[in-house]
Amino acid sequence: MKRSVISVLSCVLMFSAGSAKAIAPLDFPVVPPSIDAASFVLMDYASGDVLAAGNPDDRRNPASLTKLMTGYVIDRALDHKKIAMDDVVTVPQEAWVAGNKSLEGSSLMFLKPGDRVSVRDLIRGIIITSGNDACVAMADYVAGSQDSFVGMMNQYVTSLGLTNTHFETVHGLDAPGQYTTSYDLAKLSRAIIGGEPEEYRMYAEKSLTYDNITQQNRNGLLWDKNLQVDGLKTGHTESAGFNIIASATQGDRRLIAVVMGGKSSKGREEQARKLLTWGFREYTSKQIFKAGQTVSDEHVWFGAAPQVKVGSLSDVFISVPQADADKLKAQYVLTNPQIDAPLKKGQELGNINIVDNGKVIKTVPLVALEDVAEGGIISRAIDYVKLKI
């Protein structure tokens, strides 16, 4: 197998849902903080790398963190032009607490049947006040029923690769068979941040007034003067404990902290704050390749062209300790040293290994960056002879 070392590039950060995804914390000798919670994950947004984790795949009750998927489904409906922010929704009977006993005592926007409310305000009610009634109203509007909407939620669970998540409700109130993990929620949060910008900005809003009732966002970290927190969500039920997902920026960097099963409202905030502060202090995010950047020109046999450009079709980032940022190397390895035409753009030809002090810490596919058609009969015959010789 051919191995070549590539110099590592330092570029401006940008989002990519790239093909390299960490499923366990990066293996660096950096000791994470002690976190007092049942499960937690700290993820770098640009790379998707997990910087610290505790029981990240334990299935737990999501409580109102379920509303992240509710929002994601609404996002996709907006993207596909099935609904618009200025659409006006007539609130159904089942979204009224007096007509739906399961909503009693839960977080509400305080909708009444027959109220006419814009999609924009209902989304704000879901995000800012954690309104279970707003979830019901939007589920009906988008999918026709709560059951159909839950079906859509679970379809997106599959498409996003959330392998330890299943939803039974549109709002997160306790239900048998409903579960998720801190790792899956970090992945979902990353998708939301990179999705509909207008909706994501709502996660930073501190209050909402509807029908002369003003409610505060329950994410207390939005008021933290030492962190630039702009989302995402909190949740709590007796069985779930206290949950929070907090995303913060520092310059061009963004981190996502998920804490599940915290001991108290303030306690979950303190644990998320601890993770974010540690992550910004100890790690940096580095862009290794830009999407479509040529790593090498490789010889092609039996092709209409003698060479093919190879590299990655996605932007490739990695998170590393501050002290290791300038030590990285990238090494590509061809699966087969003989590359035969025809080739399709995106066809995998090997791996790009990101190496720190001789140790592979991340691998992404090495692919053809262009099509190469099969050559004519004469050129193929010439190549055949060359190989035989």
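About the thresholds
- The numbers attached to residues start from 1 for each chain and follow its sequence in the written order.
- Residue-level local features of this predicted model are given only where pLDDT is at least 70; pairs of side-chain atoms are given and counted only at 80 or more, and the full residue set underlies all totals for whole chains, interfaces and linings.
- In computing side-chain values, all of the structure's heavy atoms are included and hydrogens and water are not.
- Here a helix means four or more residues in a row that DSSP labels H or I, a strand means two or more in a row labelled E, and each is numbered from the N terminus.
- When a residue's accessible area, from a 1.4 Å probe over protein chains only, is under 20% of the maximum for its type it is buried; when over 50% it is exposed; and in between it is partly exposed.
- Only heavy atoms matter for contacts: two residues are in contact if any of them lie within 4.5 Å across the pair.
- Per-residue and other accessible areas follow the Shrake-Rupley method at a 1.4 Å probe size, with only the shown protein chains counted as cover for residues.
- A positive count includes Lys and Arg, and a negative count includes Asp and Glu. His and the chain ends are not counted in either.
- By convention, the point assigned to a charge is CZ for Arg, NZ for Lys, CD for Glu and CG for Asp.
- Each axis is a line fitted through C-alpha atoms, taken for helices only over the stretch in contact, and angles between the N-to-C directions span 0 to 180 degrees.
- Roughly parallel refers to an angle under 35 degrees, roughly antiparallel to one over 145, roughly perpendicular to one between 65 and 115, and oblique to any angle outside these ranges.
- The hand of a helix crossing depends on one turn: near helix anticlockwise from the far one by less than a right angle means left-handed, and clockwise means right-handed.
- UniProt positions are given in the numbering used here, feature names are shortened, and annotations may be inferred rather than shown by experiment.
- Note on aromatic pairs: the rings of Phe, Tyr and Trp (six-membered ring only in Trp) are paired at centre separations within 6.5 Å, and the planes decide the class, stacked below 30 degrees, edge-to-face beyond 60, tilted for the rest.
- Cation placement over rings: the criterion is NZ of Lys or CZ of Arg within 6 Å of the ring centroid and within 35° of the ring normal.
- The term polar contact refers here to a pair of N or O atoms within 3.5 Å; inside protein, the definition further demands a hydrogen-donor-capable atom paired with an acceptor-capable atom, and it admits residues adjacent in sequence only when both atoms are side-chain atoms.

**Q** Before we move on, could you go through the overall build of the chain and cite the residues and values that matter?
**A** Within the chain, the regular secondary structure consists of eight helices and 17 strands. If you line up the chain on its principal axes, its C-alpha atoms span 85 × 45 × 35 Å. Within the chain, the fraction of its 389 residues that count as buried is 56%. Long-range contacts, defined as pairs at least 24 residues apart, comprise 68% of the intrachain contacts of the chain with a sequence gap of at least 6. Working note: accessible area of the chain is about 16800 Å², and carbon and sulfur atoms make up 50% of it. Across the chain, the 41 positively charged side chains and the 44 negatively charged ones have centroids separated by 4 Å.

**Q** Which residues make up the packing of helix H2 (residues 119-128) against helix H3 (residues 132-143), and what values do they have?
**A** The geometry of H2 relative to H3 is characterised by a closest axis approach of 8 Å and an angle of 135° between their N-to-C directions. Judged by the angle between their axes, H2 and H3 are oblique. Considering how the two elements wind past one another, H2 and H3 form a crossing that is left-handed. Contacts between H2 and H3 involve Val119, Leu122, Gly125 and Ile126 from the former and Ala134, Cys135, Ala137, Met138 and Tyr141 from the latter.

**Q** How would you summarise the UniProt feature "domain: Peptidase S11 D-Ala-D-Ala carboxypeptidase A C-terminal" (unreviewed entry) in the chain if you had to cite specific residues and measurements?
**A** According to UniProt, the feature "domain: Peptidase S11 D-Ala-D-Ala carboxypeptidase A C-terminal" (unreviewed entry) maps to residues 283-374 in the numbering used here. The span residues 283-374 is 0% helix and 54% strand, and its two end C-alpha atoms sit 46 Å from each other.

**Q** Quick rundown of the packing of aromatic side chains? Include the residues and the values.
**A** If you walk through the whole model with that rule in mind, you get three aromatic pairs. Ring geometry for tyrosine 72 and tyrosine 156: centres 5.4 Å apart, planes at 80°, overall edge-to-face. You can see tyrosine 72 sitting in helix H1 (residues 67-79) and its partner tyrosine 156 sitting in helix H4 (residues 146-159), a full 84 residues away along the chain. Accessibility assignment for this pair places tyrosine 72 and tyrosine 156 in one class, buried. Centre to centre, the rings of tryptophan 278 and tyrosine 283 are 5.6 Å apart; their planes meet at 65°, and the pair counts as edge-to-face. Judged by relative accessible area, tyrosine 283 falls into the buried class, the value being 1%. The positively charged end of arginine 76 is found above the aromatic ring belonging to tyrosine 72, 4.3 Å away from the centroid.

**Q** How would you explain the environment of aspartate 184 if you had to name every residue and give the values?
**A** Relative to the assigned elements, aspartate 184 resides in helix H5 (residues 182-193). Look at aspartate 184 and you get buried, because its relative accessible area is 2%. The spatial distance from the C-alpha of aspartate 184 to the C-alpha of lysine 233 is 15 Å, given a sequence separation of 49 residues. Beyond its immediate chain neighbours, meaning those up to four positions away, aspartate 184 contacts Gly161, Leu162, Thr163, Asn164 and Thr165. There is a polar contact of 2.7 Å between the side chain of aspartate 184 and the side chain of threonine 165.

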